[in-house]
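Read off the chains here:
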Amino acid sequence: MAKPIYVLNGPNLNMLGLREPAIYGSDSLDDVRKKAEARATALALTIDFRQSNNEGELVSWIQEARDKAQAIILNAGAYSHTSIAVLDALQAAELPVIEVHLSNIFRREPYRQHSYVSQAAKGVICGLGAKGYELALEALADLLAS
Ligand code: DQA
């Protein structure tokens with residue numbers, strides 16, 4: 001059986017739906033997960049969708065992905081802008097990575113306009129809300145088939 005795609009979500013994303021809806025929309029993280037699962041099934045992929053507020057746990061999941069996953073979709077939340085540890089883990093994983101942000105980080109505060117994750121990412125999708133996760137799955141379906 002093919003390995004899953006790890007869909008990893010960082011800090012405060014458990015608050016989706018409640019947190020600044022004007023920026024992040026009204027979908028809860030569970031809504032995002034359901035949409036991603038439906039799209040994955042349609043693409044004949046499986047996903048393992050997780051969230052943590054803990055930088056070390058995200059690093060451990062990325063390390064685990066090296067053997068257990070075929071690709072990673074990552075919304076590292078604020079750790080995108082701060083975490084060299086997450087970047088190091090992604091580089092060590094040697095897997096295709098798509099970075100996703102719900103909001104358009106380039107229309108926001110200057111400190112959000114740099115992402116360490118981008119340096120390890122095949123592509124970056126931002127500003128399209130939950131749809132970004134579905135588009136990331138589509139991109140990976142093509143990439144993994146080729
Ligand atoms: C985010 C953007 C980050 O700047 C922020 O810290 C988040 C969410 C997004 O999905 O738009 O927590 O990654």
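Before any of the text, the structure's been laid out above.
In this report, we go over the structure that sits alongside the text. (Residues numbered from 1 in each chain as written. Predicted model: local features only at pLDDT ≥ 70, side-chain atom pairs only at ≥ 80, totals over all residues. Heavy atoms only, no water.)

Examining the site of the ligand
Note the threshold: Here a residue is considered near a molecule or strand provided that any single heavy atom belonging to it is located within 4 Å of it. Pairs of N or O atoms are called polar contacts if they sit within 3.5 Å, as long as, within protein, a hydrogen donor faces a hydrogen acceptor (for residues adjacent in sequence, only side-chain-to-side-chain pairs). Note on areas: Shrake-Rupley, 1.4 Å probe, and residue coverage restricted to the protein chains presented here.
Around the ligand, the neighbouring residues are Pro 11, Arg 19, Tyr 24, Asn 75, Gly 77, Ala 78, His 81, His 101, Leu 102, Ser 103, Ile 105 and Arg 112. A distance of 2.8 Å separates an oxygen atom of the ligand from a polar atom in the side chain of Asn 75. Leu 102 is positioned such that a nitrogen or oxygen atom in its backbone is 2.8 Å from an oxygen atom of the ligand. Across the complex, the protein chains shield 99% of the 320 Å² of accessible surface that the ligand would expose by itself.

Remarks on the packing of aromatic side chains
The relative placement of two aromatic rings is captured by the distance of their centres and the angle of their planes. Inclusion rule: Ring pairs are drawn from Phe, Tyr and Trp, using the six-membered ring of Trp, whenever the two centres fall within 6.5 Å, and their geometry is named by plane angle: stacked under 30 degrees, edge-to-face over 60, tilted for the rest. Secondary structure elements are defined from DSSP: runs of H or I of at least 4 residues count as helices, runs of E of at least 2 residues count as strands, and each element is numbered from the N terminus. Any Lys NZ or Arg CZ found within 6 Å of a ring centre and within 35 degrees of that ring's normal is scored as a charge over the ring.
All told, the structure shown has 1 aromatic pair when counted by the stated rule. Note on Phe 49 and Tyr 133: the rings are 6.2 Å apart at their centroids and 40° apart in plane angle, and the pair reads as tilted. Note that Phe 49 is positioned in strand E2 (residues 47-51) and Tyr 133 in helix H5 (residues 131-145), a separation of 84 residues in sequence. Its guanidinium or amino end placed over the ring of Tyr 6, Arg 50 lies 4.5 Å from that ring's centre, counting from NZ or CZ.

Notes on the sheet that holds E2
Condition: Strands were regarded as paired on the criterion that DSSP finds at least two bridges between them. The angle between two axes is taken between their N-to-C directions and runs from 0 to 180 degrees, where each axis is a line fitted to C-alpha atoms and a helix contributes only its stretch in contact. By the convention used here, residues are in contact when the closest approach between their heavy atoms is within 4.5 Å.
Within the open sheet, the 5 strands sit side by side as E2-E1-E3-E4-E5. Their pairing is parallel. Each of the sheet's edge strands pairs with one partner strand only, and the pair in question is E2 and strand E5 (123-126). Shown here is a sheet whose adjacent strand axes are inclined to one another by a mean of 15°, direction ignored. The sheet contact formed by strand E4 (residues 97-101) and E5 spans 4 bridges and is parallel. Residue pairing across strands places Glu 99 opposite Val 124, the latter belonging to E5. Contacts from helix H3 (residues 55-68) reach strand E1 (5-9), E2 and strand E3 (71-75), with the element oriented near 175° to E1. Against the sheet, H5 makes contact with E1, E2, E3, E4 and E5, and its axis sits at roughly 160° relative to E3, the strand it touches most.

From the geometry alone we can't say anything about function, so treat these as descriptive.
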